[in-house]
Amino acid sequence: IALATYAINPKGRMAHEVGHELVRRGQMSPQEMALLAERAEKVAVFDDARRQQYREAYRARYSQAHLERILDEEAAMHLIEARVNGSDFGPQINAIIDRVLQALERIANALRGKGYQTADDVIVAVTSGEMAKRDPVQEWMRSEDVTAFAMREELDMSPEARKLRAEAMGFD
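All of these numbers come straight from a predicted model, not from anything done at the bench.

### Brief notes about the overall build of the chain
For the chain, the count of helices and strands is seven helices and zero strands. Sequence-ordered secondary structure for the chain, helices as α and strands as β, is α-α-α-α-α-α-α. Here the chain holds 172 residues, and 29% of them are scored as buried. The contacts of the chain with a sequence gap of at least 6 include a subset with a gap of at least 24, amounting to 53%. Carbon and sulfur atoms provide 54% of the accessible area of the chain, an area that totals close to 12,000 Å².

Dropping the structure here:
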């Protein structure tokens, strides 16, 4: 991935390399990779000349059966790179590529100390109720905010205690 920083378009090249990592870690299915590889060849992002160039470069490293899978993986990654660089390949292919881009965003956010997540992940956590199910973290609370009362332990709700709180806040 360090090589990606020297690329003409580092963001596209980084997405290409993250795609390889997702395949290596088993997070991109063979079916998804095959869809991307097929589209890459169909739209000439990874044409016969480029396939041959990679075949020559990788021939000594891989068996023939494994080489074909590696070439398909390269085709898929070139499609991902093209997508990051602005190409549109239709909803199904774009959805697969967007998953790779989300992984890239999560990695970048983790490196910046913001956790392994995207803004979309946070929105989903809020709207799905997942965030509301978390245990409260005292340091995160706005203790000067009246809404923080909802998080304080064992608030006495007896009529007497409620009346005292209301009087302390200036209510009659």
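### Some details on the packing of helix α1 (residues 10-24) against helix α4 (residues 64-84)
Contact geometry of α1 with α4 gives a least axis separation of 8 Å together with a crossing angle of 140°. Considering the angle they form, α1 stands oblique to α4. Both α1 and α4 take part in a crossing whose hand is right-handed. Of α4, the residues touching α1 (which contributes Lys 11, Gly 12, Arg 13, Ala 15, His 16, Gly 19, His 20 and Val 23) are Arg 69, Glu 73, Glu 74, Met 77, His 78, Ile 80, Glu 81 and Val 84. Broken down by class, the residue content of the contact of α1 with α4 amounts to five nonpolar, five polar and six charged.

### Thoughts on the confidence of the model for the chain
Looking at the chain, pLDDT values average 80 and 77% of them are 70 or higher. Confidence scores differ between elements of the chain, with helix α6 (residues 119-128) showing the lowest mean pLDDT of 68 and helix α3 (residues 48-58) the highest of 95.

### Let's talk about the layout of surface pockets
Roughly 200 Å³ of volume is contained in the second largest pocket. Considering the residues around the second largest pocket, the lining is formed by eleven residues, among which Met 14, Leu 104, Glu 105, Ile 107 and Ala 108 are closest to the centre. When residues of the lining of the second largest pocket are traced back to their parent elements, those giving at least two are α1 and α5 (91-111). Sorting elements by how many residues they give to the lining of the second largest pocket places α5 first, with six residues. Class assignment of the residues belonging to the lining of the second largest pocket gives a composition of eight nonpolar, no polar and three charged.

### With respect to the environment of Leu 36
With respect to the helices and strands, Leu 36 occurs in helix α2 (residues 30-42). Residues Leu 36 and Ile 93, 57 residues apart in the sequence, show an inter-C-alpha distance of 6.6 Å. Every residue in contact with Leu 36, bar those within four places of it in the chain, is listed here: Met 28, Ala 76, Leu 79, Ile 80, Ile 93, Ile 96 and Ile 97.

The rules behind the values
Residues numbered from 1 in each chain as written. Predicted model: local features only at pLDDT ≥ 70, side-chain atom pairs only at ≥ 80, totals over all residues. Heavy atoms only, no water. Helix = DSSP H or I, 4+ residues; strand = E, 2+ residues; numbered from the N terminus. Buried < 20%, exposed > 50% of the residue type's maximum accessible area, 1.4 Å probe, protein only. Contact = heavy atoms within 4.5 Å. Areas by Shrake-Rupley, 256 points an atom, 1.4 Å probe, with all protein chains shown as cover. Axes fitted to C-alpha atoms, helices over the stretch in contact; angles between N-to-C directions. Parallel < 35°, antiparallel > 145°, perpendicular 65-115°, else oblique. Left-handed = near helix turned anticlockwise from the far one by under 90°. Nonpolar A, V, L, I, M, F, W, Y, C, P; charged D, E, K, R; others polar. pLDDT = per-residue confidence, 0-100. 1 Å grid on protein atoms, 1.4 Å probe; cavity = no way out; pocket = protein on both sides within 12 Å on 5 of 7 lines; lining within 4 Å. Points joined across faces, edges and corners; volume = space filled by probe spheres on them.

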